[in-house]
Amino acid sequence: MSRNASLFALATALPFVALGAAAQPLDIESSIEAATVASFMDDDRNDSETILYEIALDTEAETILQNGTELGARLTLRGQRDHPLRPGFAGQFSTGVPIAGGYSGLSGLAPGDETGARGRLETAYLRADGGYGEVRVGLDRGVAARFFEGAPSSLTFSGVSNPYLDPTGLKINRTNHDVTGPSPKLSYASPRILGLRAGASFTPDGDGRHLDRSLSQFPEQPGLENVFEVAANLSRTLRSSRTKIEASLAWSSANIDHPAAIARDRMESWSFGGNVERGGVEIGGSWLSSDNGFDGADYEAWEVGISRDFGETGVSLNYGEADDDLAAVSSKGYSVSASRELSDGFDVAVSYQDESLETLAGERSSMGIVVEITLRSTFLEMSRN
């Protein structure tokens, strides 16, 4: 059995073995989330997708051991149909460069076959949380992505930065520092002290075709091994001014497996972000920089945003830019969005978006309306001894 297969088996088996042995009552909750993104964009190349969708089934179980340690497990199955030329955010943009960035996943080759709907087991981990912090083992994102803070947005799935679903195929802005996706890994996070928490993750093998982070979708993508992540997160409310502050700082390093002469021994990435909320107004931003694993191949992205609540309706304005030196592409984009929960678990968001992508072949642009419809429901809640 391969190392990945062994880790995967451990990740899926340990939660049930450990939780089944717990002496305290076991609480189990299962929920479903379904989202549709409808696009009505004026696209200069008619590459936009009218309807994209995602569905997720999530189950969490937790118990408290006699020594006070909280033991939990989580399994998440997800399926989605994203832009057929941008699976897992990766993409090819016909600039002639036959290498994909280790972080961005973008390359200059001509687009290949289209990708249809996909389904994955995206989460399967065991966690133990006690007085000395939390340990997780299994399929999970690293601390750099988990601790991420950034600009507020009324959009969940199709924002300017870090999109889950990309109707136009032009979004190349990723600031959430997701190096490996939900790969088998070991993570530790310290207790939160005065609002501050630190953590570290180790991923032996970061390759994988995850829904939002595809590291082996195309043959020109490098392999990532022995991935280390270190991150810190701050979440604190100043009671005197009723101001909430959130911030994050992260660094990651990974071995690069690629035969190109310009390949580095290790890929390094840095990111930081934060937001401040007071009186119903929230403002924030995020920034990420990576050497992409190759000399002269830097990737950089940033986003800023502001939001305000008007009764039960939230409105946001977001702007972001990204540059990939290796793929020779750069982007700019902004959105004006509004969202509202029409009933319990039923959210609707409407956005006007304007995006442009500069390539060696010229500029591509798209503008128009994007609608997000999200349904969430808990269908199982139980406690058993």
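These numbers were taken from a predicted model, which means no experiment stands behind them. (Residues numbered from 1 in each chain as written. Predicted model: local features only at pLDDT ≥ 70, side-chain atom pairs only at ≥ 80, totals over all residues. Heavy atoms only, no water.)

Attention shifts here to unusual backbone geometry. Of note, His177 is a non-glycine position whose phi angle comes to about 55°, a positive value. The residue His177 is located in the loop between helix 2 (143–146) and strand 8 (183–189) in this model. Look at His177 and you get buried, because its relative accessible area is 0%. Unlike most non-glycine residues, Asn226 shows phi in positive territory, near 50°. With respect to the helices and strands, Asn226 occurs in strand 10 (residues 223–238). Judged by its relative accessible area of 28%, Asn226 is partly exposed. (Helix = DSSP H or I, 4+ residues; strand = E, 2+ residues; numbered from the N terminus. Buried < 20%, exposed > 50% of the residue type's maximum accessible area, 1.4 Å probe, protein only.)

Considering all chains together, one arrives at 21 salt bridges under this definition. One salt bridge connects Glu33 with Arg376, and the closest N-O pair in it is separated by 2.7 Å. Taken together, the positions of Glu33 in strand 1 (residues 26–43) and Arg376 in strand 18 (residues 362–384) put the pair 343 residues apart, joining distant regions of the chain. A relative accessible area of 23% places Glu33 in the partly exposed class. (Salt bridge = Lys/Arg side-chain N within 4 Å of Asp/Glu carboxyl O.)

Moving on, we come to the nonpolar core. Counting 26 residues, the largest nonpolar core has Ile172, Leu224, Phe294, Tyr299 and Val329 as the members making the most contacts within it. Counting only elements with at least two residues in this core, the list comes to strand 10, strand 11 (243–257) and strand 14 (299–310). The residues contacting Ile172, other than those within four sequence positions of it, are Arg86, Phe89, Phe93, Leu106, Tyr299, Ala322, Val329, Ser330, Ser331 and Leu357. Ala35, Val37, Phe157 and Leu165 belong to the second largest nonpolar core, which has seven residues in total. (Core = buried A, V, L, I, M, F, W, Y, C linked by side-chain atoms within 4.5 Å. Contact = heavy atoms within 4.5 Å.)

With that out of the way, let us pick up the pairing of strand 2 (residues 51–64). Relative to strand 2, strand 1 runs antiparallel, the two being bridged by twelve bridges. Across the sheet, residue Ser30 finds its bridge partner in strand 2, namely Thr59. Across twelve bridges, strand 2 lies against strand 3 (residues 70–81) in antiparallel orientation. Note on strand 3: the bridge partner recorded for Glu60 is Arg74. Once strand 2 ends, the chain turns through five residues before running back antiparallel as strand 3, passing Gly68 with a positive phi of about 95°. (Pairing = 2+ DSSP bridges.)

This next bit is on the side chain of Asn162. Tracing the backbone through its elements, the reader meets Asn162 in the loop between helix 2 and strand 8. Residue class for Asn162 comes out buried when judged on its relative accessible area of 15%. Polar side-chain contacts of Asn162 include one of 3.2 Å to the side chain of Ser161. Setting aside residues no more than four positions away along its own chain, Asn162 makes contact with Phe148, Asn173, Arg174, Thr175 and Asn176. (Polar contact = N/O pair within 3.5 Å; in protein donor to acceptor, adjacent residues only side chain to side chain.)

Take it as geometry only, folks, not as evidence of what the structure does.
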